[in-house]
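What the coordinates show
Here is what each chain is made of, one letter per residue.
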Amino acid sequence: MKISKIIGAATIVALSATGAFAQDRTGWPDSFTVGTASQGGTYFAYGSGWANLVADELGISGGGEVTGGPMQNMALVHTGDAAFGMTTMGPARESLDGTNPIAPGLKMTNACAMFPMYQTPFSITTLKSSGITSVADIPEGAKIGFGPAGSTSDTYFPKMLETLGVKFERRNGGWSDLGGQLQDGLLDVIAFAAGVPVPAVSQLEVQTEVNIIEFTEEEQAKIMEAYPVSNFQIKADTYTTLKEPARSVSMWNFAVANCDLPESFVYEATKVVMSDNARMVNIHKAARSTVVENWDKNTFLPWHPGAAKWFNENGASIPKDMIHGSM
């Protein structure tokens, strides 16, 4: 009798420990992908890192996928071709409004906010041998690499430089490829929009001498007036080349999830990423900003119910009308 009671009690404990876990997995996908960007950029390093972390922690197959960046990620997540993706808030706004150049007229309302990542600074890198030390030094007709076509950098940086009076030849490509082209003299400038440190810049520093160009106060103010960006300083310890902070502008990045994914799956994936910031910082230093307090940097993209549940349980105040399906 005692044995049966012990067995019964053990069974109840086991069920209580595993019942919620089993229930939570109802409807979960067998695998998932995270839309990132090109190799050599922060999106690829950061995105592949948290994809692998979620896969390991939840015991499900998953990983990062090379893409064209934020605009394509919004499209992939909206259609369900990728479970998760990463985007800057400018492309997210355009996608929601139906002005994403990948699918003009299609309002991508099935991509939901998941968690804040970090700010994307806009920065300019040249070879020291070029003699270019400021935006004003960029010669007319300079060959400038703006990253993958449709990326945040490619969408906004050309317009910003045109606003500042720079006349250039536009080039596209993955960050690693563009870094190689800069080193080989095929490009004069690379205009990066990526979380810092940008892996491709760090690699260039190891191989050659570079200049990291900051905006003047006047240039920064002009850009902030014209585009959805904010004041930012690249810390001096970000790159060995920098001796003091570099003036820049930035745009916030968010992870997004397909809105049709099970609430429990997105809740658990969000929990893995957000519950241990030190672990995320080990993946990429930009994750220092991947904290609960930055939930409010999203002011328009509806949250996935699973992500919103985790955030509101951990100090956020996401209103009901900002949660997908609750509006």
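Above this text is the structure in question.
Report on the accompanying structure. (Residues numbered from 1 in each chain as written. Predicted model: local features only at pLDDT ≥ 70, side-chain atom pairs only at ≥ 80, totals over all residues. Heavy atoms only, no water.)

Another point: the pattern of salt bridges. Tallied over the full model, the rule gives 6 salt bridges. D154 is the partner of R170 in a salt bridge, and the nearest nitrogen-oxygen pair spans 2.9 Å. Separated by 16 residues along the polypeptide, R170 in strand β6 (residues 168-171) and D154 in helix α5 (residues 152-163) bring together distant segments of the chain. Taking the relative accessible area as the measure of exposure, D154 reaches 8% and is therefore buried. (Salt bridge = Lys/Arg side-chain N within 4 Å of Asp/Glu carboxyl O. Helix = DSSP H or I, 4+ residues; strand = E, 2+ residues; numbered from the N terminus. Buried < 20%, exposed > 50% of the residue type's maximum accessible area, 1.4 Å probe, protein only.)

Okay, helix α8 (residues 217-226) next. Restricting attention to buried positions, one finds in α8 the residues E219, Q220 and I223. Down the axis, α8 shows its buried residues gathered within 100 degrees of arc, on one side only. Pointing more than 90 degrees away from the buried face of α8 are the exposed residues E217, E218 and E225. Taken together, the buried residues of α8 touch α5, β9 (230-234) and β10 (246-258). (Arc of directions from axis to C-beta. Contact = heavy atoms within 4.5 Å.)

Inspection of the entire model under this criterion finds 1 disulfide. Each sulfur of the disulfide joining C112 and C259 lies 2.1 Å from the other. Where C112 bonds to C259 through sulfur, the torsion about that S-S bond is close to 110 degrees, and the disulfide is right-handed. Pair noted here: C112 is in strand β4 (residues 111-127) and C259 is in the loop between β10 and α9 (263-274), with a separation of 147 residues, a long-range link. Under the relative-accessibility criterion, C112 is labelled buried at 0%. (Disulfide = S-S within 2.5 Å.)

For the rest of this paragraph, the subject is the layout of surface pockets. Counted as a void, the largest pocket has a volume near 320 Å³. Lining the largest pocket are 16 residues, and of these V196, F232, K235, K285 and R288 lie nearest its centre. The set of elements that each furnish at least two residues to the lining of the largest pocket consists of β4 and β9. The residue makeup of the lining of the largest pocket, split by class, is 7 nonpolar, 5 polar and 4 charged. Its volume calculated, the second largest pocket comes out at about 210 Å³. Surrounding the second largest pocket, T133, V210, N211, I212, I213, E214, T241, L242, K243, E244, P245 and A246 form its lining. Here the lining of the second largest pocket takes 4 residues from strand β8 (residues 210-213), the largest share from any one element. (1 Å grid on protein atoms, 1.4 Å probe; cavity = no way out; pocket = protein on both sides within 12 Å on 5 of 7 lines; lining within 4 Å. Points joined across faces, edges and corners; volume = space filled by probe spheres on them. Nonpolar A, V, L, I, M, F, W, Y, C, P; charged D, E, K, R; others polar.)

The next subject is α5. In this model α5 runs 17 Å from its N-terminal to its C-terminal C-alpha over 12 residues, within 8% of the 16 Å that 1.5 Å per residue would give. The element α5 is extensively covered by neighbouring structure, given that 9 of its 12 residues are classed as buried. For α5, the full list of buried residues reads T152, S153, D154, T155, Y156, F157, P158, M160 and L161. Within two residues after α5, G165 carries a phi angle of roughly 85 degrees, on the positive side. (Expected span 1.5 Å × (residues − 1).)

Turning our eyes to something else, we now look at the packing of aromatic side chains. Within the structure shown, the criterion is met by 14 aromatic pairs. The interplanar angle of 35 degrees and the centroid separation of 5.6 Å between the aromatic rings of F84 and F265 together place this pair among those described as tilted. With F84 in strand β3 (residues 84-88) and F265 in helix α9, the pair connects residues that are 181 residues apart, well separated along the chain. Per residue, the accessibility class of F84 equals that of F265, and both read buried. Look at F157 and F215: their rings are 6.5 Å apart centre to centre, the planes differ by 50 degrees, and that puts the pair in the tilted class. Highlighted residues: F157 in helix α5 and F215 in the loop between β8 and α8, separated in sequence by 58 residues. Ring pairs connect the aromatic residues W28, F32, W50, F84, F115 and F265, which therefore count as one cluster. We note K159 situated over the ring of Y156; from NZ or CZ to the ring centre the distance is 5.9 Å. The residue whose ring lies beneath K309 is Y267, and the NZ or CZ to ring-centre distance is 5.3 Å. (Phe/Tyr/Trp six-rings, centres within 6.5 Å; stacked < 30°, edge-to-face > 60°. Lys NZ or Arg CZ within 6 Å of the ring centre and 35° of its normal.)

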